[in-house]
Amino acid sequence: MPMLSARLLRRPWTAAVAALALALSFFVVVPASGSDMAAGCRVDYTVDQWTGGYTAQVRVTHTGSALSGWQLTWTYGGDQHVTSAWNATVTQTGHAVTATNTAWNGGLADGGTVDFGLQGTWQSAGPAPTDFTLNGLSCGGDGTSPPTTPSPTPTATPSPTATPSPTTTPSPTTTPPSAECGNAAVCDGFEDQAGPSPAGNWRFTAPDCQGTGTATVDTGVAHSGTRSLRVDGRAGYCNHAFVAATADLSSVGPVLYVRMWVRHTTALPAAHVAFVSMPDSSQGGKALRIGGQNGALQWNREIDDATLPAQSPVGVGLSRPLPTDSWQCLRFSVDTSAPKLDTWLGDELVPGLHADGVPTQDVDAQWLSRTTAPRPTALRLGWESYGTGDDTLWFDDVVAGSSPAGC
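Read on for a plain summary of the structure. (Residues numbered from 1 in each chain as written. Predicted model: local features only at pLDDT ≥ 70, side-chain atom pairs only at ≥ 80, totals over all residues. Heavy atoms only, no water.)

### So, unusual backbone geometry
Cis peptide bonds are those with omega within 30 degrees of zero, and the linkage from G253 to P254 qualifies with 10 degrees. By the element assignment, P254 lies in the loop between β16 (239–245) and β17 (255–264). Look at N135: it is not a glycine, yet its phi comes out positive at around 50 degrees. Within the secondary structure, N135 sits in the loop between β10 (133–134) and β11 (137–138). According to the relative accessible area criterion, N135 is buried, its value standing at 15%. We note that D325 has phi near 60 degrees; this positive angle belongs to a residue other than glycine. Structurally, D325 can be placed in the loop between α1 (313–317) and β22 (328–335). Exposure remark for D325: the relative accessible area of 48% places this residue in the partly exposed category. (Helix = DSSP H or I, 4+ residues; strand = E, 2+ residues; numbered from the N terminus. Buried < 20%, exposed > 50% of the residue type's maximum accessible area, 1.4 Å probe, protein only.)

### Structural notes on the environment of L118
Looking at where L118 falls in the secondary structure, it is placed in strand β9 (residues 113–121). Look at L118 and you get buried, because its relative accessible area is 0%. Once you skip the residues sitting within four places of it in the chain, L118 turns out to touch Y54, T55, A56, W74, Y76, V82, S84, A85 and W86. (Contact = heavy atoms within 4.5 Å.)

### Digging into the side chain of Q283
Along the chain, the position of Q283 falls in the loop between β18 (273–279) and β19 (287–293). Engagement of the side chain of Q283 in a polar contact is seen with the backbone nitrogen of E302, the distance being 3.4 Å. Sequence-distant contacts of Q283, that is, excluding residues within four places in its chain, are made with L288, R301, E302, I303 and R370. (Polar contact = N/O pair within 3.5 Å; in protein donor to acceptor, adjacent residues only side chain to side chain.)

### Describing the sheet that holds strand β25 (residues 380–385)
Strand order in the open sheet made by the seven strands is β13-β16-β25-β18-β19-β20-β21, with antiparallel pairing throughout. Taken across any chain shown, the strands that pair with only one partner, and hence form the sheet edges, are β13 (202–205) and β21 (306–308). Direction aside, the axes of adjacent strands within the sheet are offset by 25 degrees on average. As paired elements, β13 and β16 share four bridges and run antiparallel to each other. Within the sheet, the bridge partner assigned to T205 lies in β16 and is F242. (Pairing = 2+ DSSP bridges. Axes fitted to C-alpha atoms, helices over the stretch in contact; angles between N-to-C directions.)

### Regarding the pattern of salt bridges
Close approach of charged atoms allows side chains of opposite charge to pair. This structure, assessed with the given rule, holds eight salt bridges. Of the charged contacts, one joins R230 and D218 as a salt bridge, the two residues approaching to 3.9 Å between their closest N and O atoms. You can see R230 sitting in strand β15 (residues 228–233) and its partner D218 sitting in strand β14 (residues 214–218), a full twelve residues away along the chain. Taking the relative accessible area as the measure of exposure, R230 reaches 27% and is therefore partly exposed. Its salt-bridge partner being E384, residue R289 comes within 3.1 Å of it at the nearest N-O pair. A residue pair is termed long-range when its members are at least 10 positions apart, and R289 in strand β19 and E384 in strand β25 qualify at 95 residues. (Salt bridge = Lys/Arg side-chain N within 4 Å of Asp/Glu carboxyl O.)

### Topic: the pairing of β19
Extensive coverage of β19 is indicated by the burial of six of its seven residues. The pairing of β19 with strand β20 (residues 296–301) spans six bridges and is classified as antiparallel. Opposite R289, over in β20, you have N300 as the bridge partner. Between β19 and β20, which pair antiparallel and follow one another directly, the connecting turn spans two residues, one of which, N294, has a positive phi of 55 degrees.

### Brief notes about the pairing of β20
Counting buried residues along β20, six of its six residues qualify, which places the element largely inside the surrounding structure. The pairing of β20 with β21 spans three bridges and is classified as antiparallel. Looking at β21, one finds that W299 is bridged to L308. Hairpin remark: β20 followed by β21, antiparallel, with four residues in the connecting loop; positive phi at D305, about 60 degrees.

### Let's talk about the state of the cysteines
Under the definition given, this model contains three disulfides. Here C181 engages in a disulfide with C187; their sulfurs sit 1.9 Å apart. Torsion about the S-S bond of the C181 and C187 cystine: about -70 degrees, corresponding to left-handed handedness. According to the relative accessible area criterion, C181 is buried, its value standing at 7%. By relative accessible area, which is 22% here, C187 ends up partly exposed. Disulfide pairing places C329 opposite C407 at an S-S distance of 2.0 Å. Every disulfide takes its handedness from the sign of the S-S torsion; for C329 and C407 that torsion is -85 degrees, giving left-handed. Here the residue C329 occupies a position in strand β22, and C407 occupies one in the segment after β26 (391–401), the gap between them amounting to 78 residues. Look at C329 and you get buried, because its relative accessible area is 3%. (Disulfide = S-S within 2.5 Å.)

### Topic: the nonpolar core
Generally speaking, soluble globular proteins have nonpolar side chains that are buried together. Formed by 47 residues in total, the largest nonpolar core has its most connected members in W202, M260, F275, V276, W299, F332 and W367. The next biggest cluster of nonpolar side chains, apart from the first, holds 28 residues, and it includes W70, V82, V90 and V97. (Core = buried A, V, L, I, M, F, W, Y, C linked by side-chain atoms within 4.5 Å.)

Following this line, the structure appears as structure tokens:
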């Protein structure tokens, strides 16, 4: 008989919106059948659900002969629909869902685990699945989750992207939490910015040296709502112009997830530039940066100028340019317990911006020459140039916390 457990999580959302979260864990041992069949498996499925949407973190623990590739399947009992995923390729046909390993996490030793996540929507019902199979063999039998009763939440102002409660009046002067905010340290669509200069939870900063770049609140260009942060970045050595969140990220973890929508006008240059900068206590406060070089997205570590990927033709080819003149969803995760990073452009995990702790030539071999885990303490959005490269950028709908936010 499988063992089943459930726990109820709570997070505040808009008025009269019930939020629930289920964590399902179960374990069963079944006979092995070949080196790539599961002898036994445990699936921990933790779902964070709100009206109309959810995210789920999935951990698979395998027991038995080592696997060189894995495929986890399950069936949704409600009308859930997967819209994006990370650390696995997830497809859905009707109610049936299939998650397949990526190129870097297909190996599962006896007792090994693999984690991936997904985001989706639902309309009328979203019960957690219980019929997981790993490589075709059952992990969970027919266990079911116990019923839960949604808990009332305190009255809150609805997000511009959420459905307002009939009894709640939106406030024009405060930024309400959206369904993706949860307990995020930063969750901002900049709708509470009343003046032309960043204020409140954001402030202008030039970390090392200030040039002619500027930062303003733009009321004419926005990804959602009516406002965004605009940075007019200028070329020239050490020309810094950033807008920094006042939130302290030093205790967010063990993985820091950041999602932002970014729009810019000029293709990334061959010279080094950066548009995200995070002071990193593991580097004595020097920055962990996302920007571009050789026309493609890259990570850069200030303390030793290491890049991810390596600036070789092969490494650059494994990254991606940042498209211009359109809003792009940029997401990344920083593991604060190991030197690991992942980066998504839209729903694509960018292979050249992946550091998994195992050095790969042309990708993260240089990056992993430093084994200290990063510890970002703040988030800065803007522009810095060390040569050529003017650009105008807009940032909107920024989330930073210990849970991922989808596009």
